[in-house]
Amino acid sequence: MTNNITFIILLGFPNLQNLKFPFFSLLLLVYCGTVSGNILIMVLYSMSKTLQSPMYFFITQLSLCDLLVTTDIVPVLLHNILYGGSTISLIGCIIEFSTFASSDTSECLLLSVMSYDRYLAICNPLRYHSIMNHMFCMTSVMVIWLFGFVVMLFYIVTLQNLHFCGTHVIDHFFCDIEPIMKLSCSNTSIVHTWNLLMGSLVTVVPFIVIVMSYVSIAIAILRIPTNTGRSKAFSTCSSHLIVVTIFYGTLIIVYILPSNGKSLILNKVLALMYTVLIPLLNPIIYSMKNKDFKEASRRLRCKSFNRAEDT
């Protein structure tokens, strides 16, 4: 059965009118900041010996996730805002969502591993290096990315095999799963079942792991006798907690809670949070507030300046 739909129109934000150019300029600035910030984190990690620890290794993987989400969603969004809508092929729409799903799956799992890293560092420091060794870190990251790839492959295969007919308009700024399935005339029960399974496995389960880790961390911090010690211990995990709260909060509202009663504009605003804002906040929260990243950045600038003087 051939598809009646070969391309899809993304409406984006059709009511911007006079705010189109300010909104476009703001998003372009955010996009440039996101790409440069996350690339900087990866460069600093690869060039600095002081950042060679499990925590910073996982942060670089998080930056890679953010780069994938940003390059997958934001360029289409910028085109959408500038021209009042955008057209994308059906297969392009499926690939856009599949890449987004893969990146967000990997990010959910990475955040749970990072919370476990902070749990070991604060609650069980004597065993930290024996558990959080090179083999554990590499294996964890490989499993996470493999799982993300499987998620992407599943969505590409299953969505491409659906029959699409009728309207070819999506009232969103990117190809999300629910709007795509609404265009299908086929039985989408297998995709709905997979969504429910994945929603539980990669969102709820990691979230429970993170909550349990931070409850244990909070108890351990409260047992520290000095205010200085408590402040130092809390500062090592506060950045991660901020990211987790924003990221999981928006994902749970959009994908886990019932969609009845939620407006389209609310869904779009929440989607902007986890596709545009979070990838920008991660490098800001993890690097600008971190003295090791600041020191590594200062050394990199000094090396670059000295090389420029030598030439």
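Residues numbered from 1 in each chain as written. Predicted model: local features only at pLDDT ≥ 70, side-chain atom pairs only at ≥ 80, totals over all residues. Heavy atoms only, no water.

Per an unreviewed UniProt entry, the protein carries the name Olfactory receptor and comes from Engystomops pustulosus. Database annotation for the protein, UniProt heading Subcellular location (unreviewed entry): "Cell membrane". (UniProt positions renumbered as here; feature names shortened; annotations may be inferred.)

Enquirer: Is there a simple way to think about the packing of aromatic side chains in this case?
Expert: In this description, an aromatic ring pair is defined by two values, namely the gap between the centres and the angle between the planes. Throughout the structure, instances matching the rule amount to 16 aromatic pairs. Judged by centre distance (6.2 Å) and plane angle (25°), the rings of Y116 and Y119 are stacked. Here the residue Y116 and the residue Y119 both occupy positions in helix 3 (residues 90-123), the gap between them amounting to three residues, near one helical turn. Where Y155 meets W194, the ring centres are 6.5 Å apart and the plane angle is 85°; that geometry is what we call edge-to-face. Here W194 lies in helix 7 (residues 189-222) and Y155 lies in helix 5 (residues 134-160), a separation of 39 residues in the sequence. In this pair, the class of Y155 matches that of W194, namely buried. One aromatic cluster in this structure is built from F13, F23, F97, F100, F154, Y155, F173, F174, W194 and Y274. Against the face of F13 rests K268, its NZ or CZ located 5.6 Å from the ring centre. (Phe/Tyr/Trp six-rings, centres within 6.5 Å; stacked < 30°, edge-to-face > 60°. Helix = DSSP H or I, 4+ residues; strand = E, 2+ residues; numbered from the N terminus. Buried < 20%, exposed > 50% of the residue type's maximum accessible area, 1.4 Å probe, protein only. Lys NZ or Arg CZ within 6 Å of the ring centre and 35° of its normal.)

Enquirer: It is not clear to me how helix 3 should be interpreted in this structure. Could you clarify?
Expert: Over its 34 residues, helix 3 runs 49 Å from end to end, which matches the ideal 50 Å to within 8%, given 1.5 Å per residue. Counting buried positions over the 34 residues of helix 3 gives 27, a clear majority of the element. (Expected span 1.5 Å × (residues − 1).)

Enquirer: Got a minute to help me understand the packing of helix 2 (residues 54-83) against helix 3 in this structure?
Expert: A pair of packed helices is captured by two measures, namely the crossing angle of their axes and the spacing between those axes. Interaxial distance between helix 2 and helix 3 falls to 9 Å at its minimum, and their mutual angle equals 160°. Regarding the angle of helix 2 to helix 3, the classification is roughly antiparallel. Note on packing geometry: the crossing formed by helix 2 with helix 3 is left-handed. Across the contact of helix 2 with helix 3, the residue classes tally to 15 nonpolar, four polar and seven charged. (Axes fitted to C-alpha atoms, helices over the stretch in contact; angles between N-to-C directions. Parallel < 35°, antiparallel > 145°, perpendicular 65-115°, else oblique. Left-handed = near helix turned anticlockwise from the far one by under 90°. Nonpolar A, V, L, I, M, F, W, Y, C, P; charged D, E, K, R; others polar.)

Enquirer: Sorry, what's going on with the environment of T87 here?
Expert: Along the chain, T87 falls in strand 2 (residues 86-89). C-alpha of T87 to C-alpha of H168: the two residues are 81 residues apart in sequence and 9.8 Å apart in space. Those residues in contact with T87 that sit more than four places away from it in its chain are F7, I8 and I9. (Contact = heavy atoms within 4.5 Å.)

Enquirer: Explanation requested: the packing of helix 3 against helix 7 in the structure shown.
Expert: Two elements in contact, helix 3 and helix 7, have axes whose closest approach is 9 Å; the angle formed by their N-to-C orientations is 20°. Of the possible angle classes, the one that applies to helix 3 and helix 7 is roughly parallel. Pair helix 3 / helix 7 crosses with left-handed handedness. Residues T105, C108, L109, L111, S112, S115, Y116, R118, Y119, I122 and C123 of helix 3 pack against V202, T203, P206, V209, I210, S213, Y214, S216, I217, A220 and I221 of helix 7. Taken together, the residues of the contact of helix 3 with helix 7 sort by class into 15 nonpolar, six polar and one charged.

Enquirer: In this structure, what is going on with the sheet that holds strand 1 (residues 7-10)? I would like to understand it.
Expert: The strands that make up a sheet are held in pairs by hydrogen bonds between backbone atoms, and each pair lies either parallel or antiparallel. Strand order in this open sheet of three strands is 2-1-3, and the pairing throughout is mixed. In the strand order of this sheet, the two ends are held by strand 2 and strand 3 (169-170), each with one partner. Across the sheet, helix 3 lies against strand 1, strand 2 and strand 3, angled at about 90° from strand 2, the strand it touches most. (Pairing = 2+ DSSP bridges.)

Enquirer: Help me out: how do you make sense of the nonpolar core in this one?
Expert: Within soluble globular proteins, side chains that are nonpolar tend to cluster in buried spots. With 87 residues, the main nonpolar core has I8, F58, L111, Y155 and L159 as its most contacted residues. Here the element with the most residues in this core is helix 3; it accounts for 14 residues. (Core = buried A, V, L, I, M, F, W, Y, C linked by side-chain atoms within 4.5 Å.)

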